[in-house]
Amino acid sequence: MLSTESIKKIDREITKYPPDQRQSAVMSALAIAQDEKGWLTNETMDFVAHYLGMPPIAVYEVATFYNMYNLQPLGKCKITICTNLPCALSGANDATAYIQQKLGIGFNQTSADGKFTLKEGECMGACGDAPVLLVNNKRMCGFMSNDKIDRLLEELGE
Amino acid sequence: MTQPVQILLTGVDPSDPDNWRLRNYEQREGYVALKKILSENIPPEKIIEEVKKSALRGRGGAGFPTGLKWSFMPKQYEGDKYLVCNSDEGEPGTFKDRDIMHHNPHILIEGMIIGAYAMGIRAGYNYVHGEIWNTYERMEEAVDEAREAGLLGTNILGSDFSFQLYNHHGYGAYICGEETALLESLEGKKGQPRFKPPFPASFGLYGKPTTINNTETFASVPWIIRNGGEKFLQLGKPNNGGTKLFSVSGHVNKPGNYEIPLGTPFAKLLEMAGGMRGGRKLKGCIPGGSSMPVLPGDIMMQTDMDYDSIAKAGSMLGSGAVIIMDDTTCMVKALERLSYFYFEESCGQCTPCREGTGWLYRVIHRIETGTGRMEDLDLLNNVADNIQGRTICALGDAAAMPVRAMILHFRDEFEYHIEHKRCLV
Ligand SMILES: Cc1cc2nc3c(=O)[nH]c(=O)nc-3n(C[C@H](O)[C@H](O)[C@H](O)COP(=O)(O)O)c2cc1C
Ligand code: SF4
Ligand code: FES
C-alpha cells in the first residue's frame, strides 16, 4: 500500500518509542503516507492502522484532529497562509487578498488548473517574518511581498 | 550602549550555515556544563538546588519555578520516567523556540541531558511544532550529532549515566502546546488535555512520572550550571532570574527576537525593535502572547519586562510574545481574529469552552460587522465569566481573558462600533 521507502521512514519513527507503544508513531506515519499519496484516503489510513496495530477509528480520530492532514484531494501545491493577529498587523490580509486575486480562488478552493489549493492557517511560530505562508506543509516562506508572491507562484506553477 | 548579557543566543550567527553545529556550539562553551557534572560527579540534588537558586521560571507561559517542578519527580522510583520538551510553539506572537532550535539546537539538547541527569531520567522527547519542518529536521540532525559524539545514548561520555532523546513532529493543533494534550499526542492520540490531578510528575507519558518544560527553559540550564544559580538570578531581578527572549511582532520597524535581562523596561525593548513603525503612537500591547490581557500603550511604556511587573500592570508575561499595535489598529477587529482562533482551536471537551468560544466569536463578529447591540458588551463579559476557571485546561481562560481586557481598556471603541456601525480608526 505504501512504497518501501515510506515504510522505511515509518519504521525509523517506530524505533523512537518503546516497543509496546507503536501507536506513538501514528502522526509521523500519517504524515509520511500523505507525503507519498498527496492526501489520506480511508484505505491509506486503514493500512497505517494495520501496520501500527491500532483500531482504524483511532487513526481516523488522529487524522481529523490535526489540521495539517489532507482528508480530501487537493491541488499540486497546498498554500497555507497565516492570518492570525500578529501576521495580520504586518500585511497578512493584503498578501491573502493578492494571492486570492492572482489565483482567482478563495480559502479552501483549488485553482481551475488543479495546481493550487489555498488554506487559511493559524500561527506558525514565525510571526516576525510576516506575512508567512507554508507550501505543502514543509516549505515556509516569510516576508511575502507581492513581488515574492509572484515569484513563488511562478516557480511552483512550473 | 553595552551589549546586554545573552545566554540563549550568545555567539550565535544565523548567517553562517554551520554555526549551529556541535563543534561551533562547543566553541561557545557548549557541553562544558555537562562535562563538569559528569567529571565531578555532581549529585543530582545539587543541580536541582542550583536551578532553584537561579529563580528560573518556566518560559512556556505559566512561569512556574523550574527547580521546584524538578523536585516533584519521584526519586526512588524504579520504573521508567520521561523528560519532555514542549517545542510546540503555537501561541500567536511567539517565535523564540524556533530560533533556539534552528540556530542553537545543542543548547536545548544539553539542557535536556542535564535535566534528565538531575531527575534520574533515561528517555526524553522533544515535541516540535508542526509548521516548522526545517527546524524539526535541524533538531534531528543535531540529535544525531550528539549521539555520534557520545553525548546522548548509553554511558554518556563514559559515565554510568544514559539518556536517549528523540524528536517528535507535531501536525498542526495549537492545543497540543498544553502539556497534558501534548502527552496524549505523543501517545498517538487526539491532543485532548487531561484532568489534573494527577499531574505529569506522577502520571505522565505512558502513565509514567514525567517532567515537561519549554524549550527556552531547558536552554537556560547549561549557563546556570556553568556560572551558578546566583549569577543567573542576578542577571534578572529577585524572583525573576535570568535573561529571556522576547518575540516582538506587529507595528515595529524591526520585528524579531530580542534577548534581554528580565526587568528591562519595555521602552528599551521597543527601542531595540526599531521603535514604532512610521513613528506612530503605541495604542496597545499584548505583552505575553495572544492569550494574555492587552494593556494600553501608556501603561506599557511604564512597565518593566518581568513576570511580576507585568502582573502588577494587569497582564501576564506568558511566553514573552510582545504584540505591538499602533493607533491605526481597530481593537474590535483584532479581538475578532483572536476569538476566531480560540473557537477554532478549542478541543471541544468541555462545554463552557466549546460553546463559549463560539459565542464570543459570533458576538464580536456581529459587533465588527455592524450588527452588534449595546447589551453585547455585558453579554461578552458574562460569557467570559462562564468560561474562565470552569474548564479542564487553560485554553478556556486564554479565550476569555483577552475579551475582558479589550472591553475594559477599549470600551469606547466597541461602543463606537455598535453605535456607528463602523470603525473609530
Ligand atoms: C492552550 C495552551 C497552549 C500552550 N502552549 C504552549 C506552548 O506552545 N509551548 C509551551 O512551552 N507551553 C505551552 N503551554 C504551557 C504548557 O502547558 C506548560 O505549562 C509548559 O510547557 C511548562 O513548561 P515550563 O514550566 O518550562 O514553562 C500552553 C498551555 C495552554 C493552556
Ligand atoms: S478548556 Fe477548551 S481546549 Fe481545554 S480541554 Fe476544555 S474544551 Fe478542550
Ligand atoms: S501569527 Fe502568523 S506566524 Fe504567528
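All values derive from a computational prediction rather than experimental measurement.

Here is what the cut-offs are and how they apply
- Sequence order as written defines residue numbering, which begins from 1 separately in each chain.
- Naming scheme: in the order in which they are written, chains are lettered from A and ligands are numbered from 1.
- Residue-level local features of this predicted model are given only where pLDDT is at least 70; pairs of side-chain atoms are given and counted only at 80 or more, and the full residue set underlies all totals for whole chains, interfaces and linings.
- To get the side-chain values, take all heavy atoms of the structure and skip hydrogens and water.
- Counting from the N terminus, the helices are DSSP H or I runs at least four residues long and the strands are E runs at least two residues long.
- Within these notes, the globule rule equals 2.2 Å times the number of residues to the 0.38 power, and the radius of gyration is based on C-alpha atoms.
- Buried, partly exposed and exposed residues are distinguished by accessible area as a fraction of the type maximum, computed with a 1.4 Å probe on protein chains only: under 20%, between the cut-offs, and over 50%, respectively.
- In what follows, residue pairs with any heavy atoms lying within 4.5 Å of each other are defined as contacts.
- Throughout, the Shrake-Rupley method with a 1.4 Å probe supplies accessible areas, and for residues the shown protein chains are the sole cover considered.
- Within this scheme the basic residues Lys and Arg register as positive and the acidic residues Asp and Glu register as negative, but His and the chain ends are omitted.
- In plain terms, the charge of a residue is placed at NZ if it is Lys, CZ if Arg, CG if Asp and CD if Glu.
- Accessible area that two parts lose when put together, with a 1.4 Å probe and added across both, is what the buried area reports.
- For this analysis, a salt bridge means a side-chain nitrogen from Lys or Arg found within 4 Å of a carboxyl oxygen belonging to Asp or Glu.
- Each domain's extent is set by a domain assignment, obtained either automatically or from a database.
- Being near a molecule or strand, for a residue, means having at least one of its heavy atoms within 4 Å of it.
- Residue polarity is assigned by list, with Asp, Glu, Lys and Arg as charged and Ala, Val, Leu, Ile, Met, Phe, Trp, Tyr, Cys and Pro as nonpolar; anything else, Gly included, falls into the polar class.
- By the criterion applied in these results, polar contacts are pairs of N or O atoms within 3.5 Å in which, for protein atoms, one can donate a hydrogen and the other can accept it, and in which residues neighboring in sequence qualify only through two side-chain atoms.
- Centres within 6.5 Å make a pair out of two Phe, Tyr or Trp rings, where for Trp the six-membered ring is used; the pair is then stacked when the planes are under 30 degrees apart, edge-to-face when over 60, and tilted otherwise.
- Here, a charge over a ring is recorded when the distance from Lys NZ or Arg CZ to the ring centre is within 6 Å and its angle to the ring normal is within 35 degrees.
- When DSSP locates at least two bridges between a pair of strands, those strands are taken to pair.
- Between N-to-C directions, angles span 0 to 180 degrees; the directions come from axes that are lines fitted to C-alpha atoms, helices contributing only their stretch in contact.
- The length a helix should cover is 1.5 Å for every residue beyond the first.
- Confidence of the predictor in every single residue is expressed as pLDDT, which spans 0 to 100.
- For this classification, under 35 degrees means roughly parallel, over 145 means roughly antiparallel, 65 to 115 means roughly perpendicular, and everything else is oblique.
- Helix crossings are classified by the rotation of the near helix relative to the far one: an anticlockwise turn of less than a right angle makes the crossing left-handed, while a clockwise turn makes it right-handed.

Q: Honestly, the overall build of chain B in this entry has me stumped. Any pointers?
A: In terms of helices and strands, chain B carries 17 helices and 11 strands. Taking 425 residues into account, the globule formula puts the C-alpha radius of gyration at 22 Å, and chain B, at 22 Å, falls close to it. In chain B, which comprises 425 residues, the share counted as buried stands at 63%. A separation threshold of at least 6 residues defines the contact pool for chain B, and within that pool the share at least 24 residues apart is 70%. Surface summary for chain B: the accessible area is close to 15600 Å², and the carbon and sulfur share equals 51%. Each charge sign in chain B was given a centre, from 45 positive and 53 negative side chains, and these centres are 2 Å apart.

Q: What is the right way to look at unusual backbone geometry in this model?
A: Residues and elements named next belong to chain B. Of the consecutive residues K196 and P197, the connecting peptide bond is found in the cis state with omega at -5 degrees. Within the secondary structure, P197 is located in the loop between α8 (179–186) and β4 (210–214). Positive phi values are uncommon outside glycine, yet N155 reaches one of about 50 degrees. You can see N155 is positioned in the loop between α7 (133–148) and β3 (164–169).

Q: Hey, could you run me through the interface of chain B and chain A in this one?
A: One frequent convention defines the size of an interface as the accessible area lost when the parts assemble. Listed by partner, the interface residues are 57 residues for chain B and 41 residues for chain A. Interface of chain B and chain A: buried area, both sides summed, is about 3900 Å²; carbon and sulfur atoms make up 56% of it. Of all residues in chain B, E131(B), Y171(B) and R337(B) bury the most surface against chain A, accounting for 22% of the area lost on that side. The interface formed by chain B and chain A holds four salt bridges in total. In this structure, K16(A) engages E140(B) in a salt bridge whose closest nitrogen and oxygen atoms are separated by 3.3 Å. At the level of elements, β2 (123–128), α7, β3, α8, β5 (243–250), β11 (321–326) and α14 (331–345) of chain B are the ones that each hand at least two residues to the side of chain B that touches chain A.

Q: How do you make sense of the domain arrangement of chain A when you look at a structure like this?
A: Splitting chain A by domain gives domain 1 (4–65) and domain 2 (77–157). Between domain 1 of chain A and domain 2 of chain A, the C-alpha centre-to-centre distance is 28 Å.

Q: Quick question: what am I supposed to make of the site of ligand 2 here?
A: Surveying the vicinity of ligand 2 reveals 13 residues, the closest of which are C347(B), Q349(B), C350(B), C353(B) and C393(B). Split by residue class, the shell around ligand 2 holds eight nonpolar, five polar and no charged.

Q: Hey, could you run me through the site of ligand 1 in this one?
A: All names here are of chain B. G60, K69, N213, N214 and T217 are the nearest of the 18 residues found near ligand 1. The backbone of R59 places a nitrogen or oxygen atom 3.3 Å from an oxygen atom of ligand 1. D88 places a polar main-chain atom, nitrogen or oxygen, 3.1 Å from an oxygen atom of ligand 1. Ranked by residue count, the leading element in the shell around ligand 1 is β4, at three residues.

Q: I keep staring at the packing of aromatic side chains and nothing clicks. Help me out?
A: For any two aromatic rings, the description comes down to two numbers: the centre-to-centre distance and the angle of the planes. Evaluation of the coordinates by the stated rule reveals 19 aromatic pairs over all chains. Between Y82(B) and Y206(B), the ring centres sit 5.6 Å apart and the planes meet at 75 degrees, which makes this aromatic pair edge-to-face. Remark: Y206(B) occurs in the loop between α8 and β4 and Y82(B) occurs in strand β1 (residues 82–87); sequence separation between them is 124 residues. Neither residue differs from the other here; Y82(B) and Y206(B) are each classed as buried. In textbook terms, an aromatic cluster arises when at least three aromatic residues are bridged by ring pairs, as seen for Y17(A), Y82(B), Y125(B), Y166(B) and Y206(B). For K138(A), the ring lying beneath its charged end belongs to W133(B), and the centroid distance is 4.1 Å. The ring centre of W359(B) lies 5.6 Å from the NZ or CZ of R362(B), which sits over that ring.

Q: Got a minute to help me understand the sheet that holds β2(B) in this structure?
A: Within a beta sheet, neighbouring strands are joined by backbone hydrogen bonds and run either parallel or antiparallel to one another. All names here are of chain B. The sheet built from four strands is open, its strands ordered β3-β2-β1-β4 with parallel pairing. For this open sheet the edge positions go to β3 and β4, each flanked by a neighbour on one side alone. Averaged over all pairs of adjacent strands, the angle between their axes in this sheet comes to 20 degrees, without regard to strand direction. Helix-sheet contacts for helix α6 (residues 105–119) involve β1, β2, β3 and β4, and the interaxial angle to β1 is about 150 degrees.

Q: Which parts of the structure should I look at to understand α6(B)?
A: Since the α-helix turns once every 3.6 residues, residues separated by three or four places project in the same direction. Residue and element names in this part refer to chain B. In this model, α6 (15 residues) spans 22 Å end to end at C-alpha, consistent with the 21 Å of a helix rising 1.5 Å per residue. With 15 of 15 residues buried, α6 is to be regarded as a mostly interior element. G120 sits one or two residues past α6 and shows a positive phi near 65 degrees.

Q: Looking at this model, I keep getting lost on the sheet that holds strand β4 (residues 139–141) of chain A. Mind explaining?
A: Residues and elements named next belong to chain A. An order of β2-β1-β3-β4 is seen for the four strands of this open sheet, with the pairing classed as mixed. Edge positions in the sheet fall to β2 (116–121) and β4, since each has one partner strand and no second. The average angle at which neighbouring strand axes cross in this sheet is 25 degrees, direction not considered. Seen against the sheet, helix α6 (residues 92–103) touches β1 (77–82), β2 and β3 (133–135) and runs at an angle of roughly 155 degrees to β1.

Q: Would you mind going over the side chain of K16(A) with me for this structure?
A: Here K16(A) is to be found in the loop between α1 (4–14) and α2 (26–37). Taking relative accessible area as the criterion, K16(A) reaches 5% and is therefore assigned buried. At 3.3 Å, the side chain of K16(A) forms a polar contact with the side chain of E140(B). In this view, K16(A) contacts Y125(B), Y136(B), E140(B), Y166(B) and N167(B); residues no more than four positions away in its chain are not counted.

Q: Honestly, the pattern of salt bridges in this entry has me stumped. Any pointers?
A: Pairing of side chains with opposite charge becomes possible as their charged atoms draw close. For the structure on display, the rule yields 40 salt bridges over all chains. Between R98(B) and D129(A) there is a salt bridge whose closest N-O contact spans 3.1 Å. Placement of the pair is R98(B) in helix α5 (residues 96–103) and D129(A) in the loop between β2 and β3, with the two residues belonging to separate chains. Residues R194(B) and E187(B) are paired through a salt bridge, measuring 3.0 Å at the closest nitrogen-oxygen approach. Taken as a pair, R194(B) and E187(B) share a single burial class, namely buried. Here the salt bridges do not stand alone but share partners, grouping D18(B), R21(B), R23(B), E141(B) and E145(B) into one network.

Q: Is there a simple way to think about the confidence of the model for chain B in this case?
A: Regions with low pLDDT carry predicted coordinates that are not meant to be interpreted in detail. The predicted model of chain B has a mean per-residue pLDDT of 96, with 99% of residues at 70 or higher. Model confidence for the complex is summarised by a pTM of 0.97, with the ipTM given as 0.97.

Q: Can you walk me through the packing of helix α3 (residues 44–54) of chain B against α6(B) in this structure?
A: Two quantities define a packed helix pair, namely the angle between the axes and the distance from one axis to the other. Residues and elements named next belong to chain B. Relative orientation of the contacting elements α3 and α6 amounts to 120 degrees, with a least axis distance of 7 Å. On the basis of their axis angle, the class for α3 and α6 is oblique. Along this stretch, α3 crosses α6, giving a crossing that reads as left-handed. Between α3, through P44, I47 and I48, and α6, the contact on the second element is made entirely by I114, Y117 and A118. In terms of residue class, the contact of α3 with α6 is made up of six nonpolar, no polar and no charged.

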